[in-house]
Structure formats: structure tokens, C-alpha cells
Amino acid sequence: GSPRMKSMLYLPFNDPAAALKIVEDFGDSEGVIGFMVTSVRHRPVHHNDYMKIYSAIEERGLPIGFHSGFNWDDPMFRTCNRFLAVHALGFTWYNVVHCTNWVLNGMNERFPDMPVIWIESGISWIPFLMQRLDTQYRMRSSECPMLKKLPSDYMRDMYYTSPPIEATGDEAGMEALEHIFKRIDAPNRLMWASGFPQWNFDTPSALWDLPFLDDATRRGILG
């Protein structure tokens, strides 16, 4: 009942018609600030069945978020014999695949006014994917006729949540983290999220104590 409580409503993406109905029924409701999709799925995010959903979200001026996870039943992850491995790779992998398909299929061009958020994948994968896709795109740009700029530029148009901030505690790790913040335009594109009460949650100090940030950047990301 508190007006301070806001929600991104979960969309049942396996049923596009039902997902569209949720957007139409609740997209203008008080307290609804966007919609969220779980990323552990094998249907491409650029599938034509989803276009009406994206259009409906964009018309309402709301964002869509892709919240990653892990799946030990995925054939590739069955090769892992440690939860640590499945968790470390899974939370990144599904958003890597969907973000790649989103960018290369020109979804940013098709829905330029719909903010896109990639949630709970950490941030270390973002510069890797930027560099990898830019390299491939320069050699095979004909496969992506809708793109008007480099994949990395489209990725810098989107948003990312912080947990977990991959700070290893050593000097080299801190330098790498500072580079990541620069590559992703963190002051304008990174949003702090706690992840509480999960075992790997971040307190605000995980970001506030980073020595290479000024107070304005800290407040911007945490806010």
C-alpha cells in the first residue's frame, strides 16, 4: 500500500499473448515502472512473436529488464560439477546470448525509445562482449544491415545493474574494474542493486568504497 513501493512486473514470455495482456492491463497502473523477463530461456528475444510486446512497452514509456539466472539442467552446464561454476557462468551466459541477439538484430533501432536493462549478470562481461562483437561486426557487417553504429555503441545505450561488482581485492583487479566502469559509461548506465537477501548480495559500500569514483558518480549510481 505504500506509494514508495514500485515494481517491474514479470512477463510470462513463454506465452507471448499472455505477456502482451499483462502489459496492456497493468502498463498504466500506479507503481508499475516497467516489465521484467527471466533470461533462462532458449527462445530468441528477437522472435517476431515478441514485437507487439516491445511496442506496447515502448508506447507506455517504460523499460524492459532481462534478469539472468542459472540452469544446471542446460546440457552445457551439466558438464560442471560445482555449483560455483554453474552460478559464475550461468548468470552471465544467458544475458550474453540475449544481449548479442538483441544488438545484432537491430532491436535498439526498432525500439529506440524503450530502455533496456540487463540485470544480475555482474559487469565484467560487458567490455568483453563489446570488443568481441565490434571485431566480428567489422568483418561481417553485411549480416547486420539494421545497425547504424558499432555494437558497443548500442550496448552503451542500454543499462546494467551492479550485482555482483566483480572486485577481486587486489591492485590489478581494481584497475580492471576501473577500466570496466569507463568502457560501459558507468556514471550514466550503471544502476546499483543489492541482490539482498541472496548470499552474494552487495552492500552500498561495495560501490561507495571504490577509490576511483567521485562522490557525484557514487550518488548517481546508488540513486
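Below you will find a few notes about this structure.

Basis of the calculations
Think of each chain on its own: its residues are numbered from 1, step by step along the sequence as written. Only residues with pLDDT of at least 70 get local features here, since the model is predicted, and only at 80 or more are side-chain atom pairs given and counted; chain-wide, interface and lining totals rely on the full set of residues. Side-chain numbers here rest on the full set of heavy atoms in the structure, without hydrogens or water. Strands are runs of DSSP state E lasting at least 2 residues, helices are runs of H or I lasting at least 4, and numbering of each runs from the N terminus. C-alpha atoms define the radius of gyration, and 2.2 Å times the number of residues to the power 0.38 defines the globule rule. For each residue, the accessible area found with a 1.4 Å probe, counting protein chains only, is set against the maximum for its type, and the residue is called buried under 20%, exposed over 50%, and partly exposed in between. The contact criterion used is simple: two residues touch if any of their non-hydrogen atoms lie within 4.5 Å. Positive: Lys, Arg. Negative: Asp, Glu. His and the chain ends are not part of the count. A charged residue contributes its charge at one atom only: NZ of Lys, CZ of Arg, CG of Asp or CD of Glu. Any two strands with at least two DSSP bridges between them are considered paired. If you view a crossover with the strands going away from you and the path from the first strand over the helix to the second runs clockwise, you call it right-handed. To estimate the expected span of a helix, subtract one from its residue number and multiply by 1.5 Å. In this context, the arc is that of the directions from the helix axis out to the C-beta atoms. Excluding any residue in a salt bridge, patches collect residues exceeding 30% relative accessible area, merging like charges within 9 Å and nonpolar Val, Leu, Ile, Met, Phe, Trp and Tyr side chains within 5 Å. In this description, accessible areas are obtained by the Shrake-Rupley approach with a 1.4 Å probe, and a residue is regarded as covered only by the protein chains that are shown. Salt bridges are defined by distance alone: a side-chain nitrogen of Lys or Arg within 4 Å of a carboxyl oxygen of Asp or Glu. Between rings of Phe, Tyr and Trp, where Trp is taken as its six-membered ring, a pair exists when centres lie within 6.5 Å; planes separated by under 30 degrees are stacked, by over 60 edge-to-face, and by other angles tilted. Here, a charge over a ring is recorded when the distance from Lys NZ or Arg CZ to the ring centre is within 6 Å and its angle to the ring normal is within 35 degrees. Residues are called lining when one of their atoms sits within 4 Å of a cavity or pocket point, these points coming from a 1 Å grid over the protein atoms alone, where a cavity is a set in which a 1.4 Å probe fits but cannot get out and a pocket is an open set with protein on both sides within 12 Å along at least five of seven lines. Grid points are joined across faces, edges and corners, and a volume is the space filled by probe spheres set on the points. When residues are grouped by polarity, Ala, Val, Leu, Ile, Met, Phe, Trp, Tyr, Cys and Pro land in nonpolar, Asp, Glu, Lys and Arg in charged, and all others, Gly among them, in polar. To get an axis, a line is fitted to the C-alpha atoms, and for a helix only the part in contact is used. The angle between two axes follows their N-to-C directions and goes from 0 to 180 degrees.

### As for the overall build of the protein
Each helix and strand in the protein was counted, giving ten helices and six strands. For 223 residues, the compact-globule estimate of 2.2 N^0.38 gives 17 Å, and the C-alpha radius of gyration of the protein, at 18 Å, lies within 12% of that figure. Counting the 223 residues in the protein, one finds 42% classified as buried. When contacts within the protein are restricted to residue pairs at least 6 apart in sequence, those whose partners lie at least 24 apart make up 72%. Averaging the locations of the 21 positively and 27 negatively charged side chains of the protein gives two centres separated by 4 Å.

### Focus: the pairing of strand 2 (residues 32-38)
One ladder, built from four bridges, connects strand 1 (residues 7-10) with strand 2; its direction is parallel. Note that in strand 2 the partner of serine 7 across the bridge is valine 32. Taking the sense of rotation as the criterion, the β-α-β connection linking strand 1, helix 1 (residues 16-26) and strand 2 turns out right-handed. Where strand 2 meets strand 3 (residues 64-67), four bridges bridge the pair, whose relative direction is parallel. Residue pairing for strand 3: valine 37 is matched across the bridge by phenylalanine 66.

### Describing helix 7 (residues 171-183)
In this model helix 7 runs 19 Å from its N-terminal to its C-terminal C-alpha over 13 residues, within 8% of the 18 Å that 1.5 Å per residue would give. Of all the positions in helix 7, only Gly173, Leu177, Ile180 and Phe181 are classed as buried. In an axial view of helix 7, the angular spread of the buried residues amounts to 100 degrees, which keeps them on one side of the axis. In helix 7, the exposed positions angled more than 90 degrees off the buried face are occupied by Glu171 and Lys182. Where helix 7 is buried, its residues contact helix 5 (125-139), helix 8 (186-189), strand 6 (190-191) and helix 10 (215-222).

### Overview of a nonpolar patch on the surface
A cluster of nonpolar side chains, contributed by Phe70, Trp72, Phe83 and Trp199, occupies part of the molecular surface with about 450 Å² of accessible area. Within the secondary structure, tryptophan 199 is located in the loop between strand 6 and helix 9 (205-208).

### Focus: the packing of aromatic side chains
In the structure shown here, the tally under the stated rule is 15 aromatic pairs. An angle of 50 degrees between the planes, with centres 6.1 Å apart, marks the rings of phenylalanine 77 and tyrosine 94 as tilted. Of this pair, phenylalanine 77 sits in the loop between strand 3 and helix 3 (83-104) while tyrosine 94 sits in helix 3, and the two are 17 residues apart along the sequence. In this structure phenylalanine 77 comes out as buried when scored by relative accessible area, which is 5%. Here the basic side chain of lysine 149 rests over the ring of tyrosine 154, its NZ or CZ set 5.0 Å away from the ring centre. Sitting over the face of the ring of tryptophan 208, arginine 218 holds its NZ or CZ atom 5.5 Å from the ring centroid.

### Details of the layout of surface pockets
Estimates place the volume of the largest pocket at around 420 Å³. Forming the walls of the largest pocket are 17 residues, and the residues nearest its centre are Met8, Ile119, Thr161, Trp192 and Ala193. At the level of elements, strand 1, strand 2 and strand 4 (116-119) are the ones that each hand at least two residues to the lining of the largest pocket. Split into classes, the residues belonging to the lining of the largest pocket amount to ten nonpolar, five polar and two charged.

### What to know about the sheet that holds strand 3
The strand order 1-2-3-4-5-6 describes an open sheet built from six strands, whose pairing is parallel. Single-partner strands in this sheet number two, and they are strand 1 and strand 6. Bridge count between strand 4 and strand 5 (residues 159-161): two bridges; the pairing is parallel. In the sheet register, isoleucine 117 faces strand 5, and the bridge partner there is tyrosine 159. Against the sheet, helix 3 contacts strand 3 and strand 4, and its axis sits at roughly 160 degrees relative to strand 4.

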